[in-house]
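Residue-level structural notes
Take a look at the letters that make up each chain.
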Amino acid sequence: GESVGLHLPTLSVQEGDNSIINCAYSNSASDYFIWYKQESGKGPQFIIDIRSNMDKRQGQRVTVLLNKTVKHLSLQIAATQPGDSAVYFCAENLGGSNYKLTFGKGTLLTVNP
Amino acid sequence: GAVVSQHPSRVICKSGTSVKIECRSLDFQATTMFWYRQFPKQSLMLMATSNEGSKATYEQGVEKDKFLINHASLTLSTLTVTSAHPEDSSFYICSARDRVVYNEQFFGPGTRLTVL
């Protein structure tokens, strides 16, 4: 979703349900995308990545989908657990030799037991 | 492997003083280190990119004379916030790009700066 002002988009799910977190990226030339999880007061933690020549990649309990036509990225978390509660950011690499990342606005995921 | 540390984790200082934050790659060599700032409930904003042995490249709107970055070795970068003001209070996060696995960035745990 889109963020308004200083409020993070939020997603609240029940434990055991599947979660889908969405992200719109800005640059059609971006060739590498990453999802990060950030718990309160900590640095971002790598979850999964995908290159622009792919449209789907699966990890353990997570799947990333890439739709380049509409510049959209999603993260699916299967069987969501309370430990998954955190803020999730997508990031895009704009290319170039330094591999700079541009972060999306973030989504706060709350898992209810 | 691929651990990045930051020191200190929290710092409180008086307005007008300078604060130095260290970022270290503990088990790999980092060709490039990045510094981000994050305000509450907001995303990470890239401040600057530093390459070992050369001057940092600052993002638009970031004052290079206020945020001094030094990247003297392949495992250490420092960010010094000079003449800190309350509006500099934020969460500062560094990341390091592995010299070998060059497309991955590993993030530090962040430093909470509070300027009184």
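Calculation rules
Residues numbered from 1 in each chain as written. Chains lettered and ligands numbered in written order. Predicted model: local features only at pLDDT ≥ 70, side-chain atom pairs only at ≥ 80, totals over all residues. Heavy atoms only, no water. Helix = DSSP H or I, 4+ residues; strand = E, 2+ residues; numbered from the N terminus. Rg over C-alpha atoms; globule rule 2.2 N^0.38 Å. Areas by Shrake-Rupley, 256 points an atom, 1.4 Å probe, with all protein chains shown as cover. Lys, Arg positive; Asp, Glu negative; His and termini not counted. Charge placed at Lys NZ, Arg CZ, Asp CG, Glu CD. Polar contact = N/O pair within 3.5 Å; in protein donor to acceptor, adjacent residues only side chain to side chain. Contact = heavy atoms within 4.5 Å. Core = buried A, V, L, I, M, F, W, Y, C linked by side-chain atoms within 4.5 Å. Buried < 20%, exposed > 50% of the residue type's maximum accessible area, 1.4 Å probe, protein only. Buried area = accessible area lost by both parts, 1.4 Å probe. Salt bridge = Lys/Arg side-chain N within 4 Å of Asp/Glu carboxyl O. Disulfide = S-S within 2.5 Å.

A few points about the overall build of chain B
For chain B, the count of helices and strands is zero helices and eleven strands. Across chain B, helices and strands are ordered from the amino to the carboxyl terminus as β-β-β-β-β-β-β-β-β-β-β. Its C-alpha atoms give chain B a radius of gyration of 13 Å, within 12% of the compact-globule value 13 Å for 116 residues. In terms of overall dimensions, chain B has C-alpha extents of about 40 × 25 × 20 Å along its principal axes. As displayed, chain B has an accessible area near 5700 Å², and 52% of this comes from carbon and sulfur atoms. Seen as two clouds, the 12 positive and the 10 negative side-chain charges of chain B have centres 5 Å apart.

Focus on the side chain of Ser 30 of chain A
All names here are of chain A. With respect to the secondary-structure elements, Ser 30 resides in the loop between β2 (19-24) and β3 (32-38). Within the structure, Ser 30 has its side chain in polar contact with the side chain of Glu 92 (distance 2.5 Å). Discounting residues that sit within four places of it in the chain, Ser 30 has contacts with Ser 52, Glu 92, Asn 93 and Leu 94.

What about the nonpolar core?
Residues and elements named next belong to chain B. Counting residues in hydrophobic clusters, the biggest one holds 25 residues, and the most contacted among them are Val 4, Trp 35, Phe 67, Leu 79, Tyr 92 and Leu 113. Those elements giving two or more residues to this core turn out to be β2 (10-13), β3 (19-25), β4 (30-38), β5 (44-51), β7 (67-73), β8 (76-81), β9 (90-98) and β11 (111-115). Setting aside residues no more than four positions away along its own chain, Tyr 92 makes contact with Gln 6, Ile 21, Tyr 36, Arg 37, Met 47, Phe 67, Leu 79, Gly 110, Thr 111 and Leu 113.

A closer look at the environment of Ser 90 of chain B
All names here are of chain B. Looking at the secondary structure, you find Ser 90 in strand β9. According to the relative accessible area criterion, Ser 90 is buried, its value standing at 4%. Not counting the four nearest positions on each side in its chain, Ser 90 is found in contact with Arg 37, Gln 38, Phe 39, Thr 111, Arg 112 and Leu 113. Within the structure, the side chain of Ser 90 is placed 2.9 Å from the backbone oxygen of Gln 38, a separation counted as a polar contact.

Overview of the interface of chain B and chain A
Contacts between the two partners involve 21 residues from chain B and, on the opposite side, 19 residues from chain A. With both sides pooled, the region where chain B packs onto chain A buries about 1700 Å², and carbon together with sulfur makes up 53% of that total. On the surface where chain B and chain A come into contact, there are one salt bridge. Here Glu 59 of chain B and Lys 100 of chain A are joined by a salt bridge, their closest N and O atoms 2.9 Å apart.

With respect to the state of the cysteines
Within this structure, the stated rule accounts for two disulfides over all chains. Cys 23 of chain A shares a disulfide with Cys 90 of chain A; S-S distance 1.6 Å. Separated by 67 residues along the polypeptide, Cys 23 of chain A in strand β2 and Cys 90 of chain A in strand β8 (residues 86-93) bring together distant segments of the chain. Note on cysteine connectivity: Cys 23 of chain B is disulfide-linked to Cys 94 of chain B, with sulfurs 2.0 Å apart. The disulfide joining Cys 23 of chain B to Cys 94 of chain B has a torsion of about 80° about its S-S bond and is therefore right-handed. Of this pair, Cys 23 of chain B sits in strand β3 while Cys 94 of chain B is found in strand β9, placing the two residues 71 residues apart along the sequence. Judged on exposure class, the residue Cys 23 of chain B and its partner Cys 94 of chain B are both buried. Here Cys 13 of chain B stays free of any disulfide, with the sulfur of Cys 94 of chain B as its closest cysteine sulfur at 18 Å. On the accessibility criterion, Cys 13 of chain B (9% relative accessible area) is buried.

Overview of the side chain of Asn 93 of chain A
All names here are of chain A. Mapped onto the elements of the fold, Asn 93 is located in strand β8. Looking at Asn 93, the relative accessible area reads 2%, which means it is buried. From its side chain, Asn 93 meets the backbone oxygen of Lys 100 in a polar contact 2.9 Å long. Setting aside residues no more than four positions away along its own chain, Asn 93 makes contact with Ser 30, Asp 31, Tyr 32, Tyr 99, Lys 100 and Leu 101.

It is worth stressing that arrangement in space is one thing and function is another; only the former is reported here.
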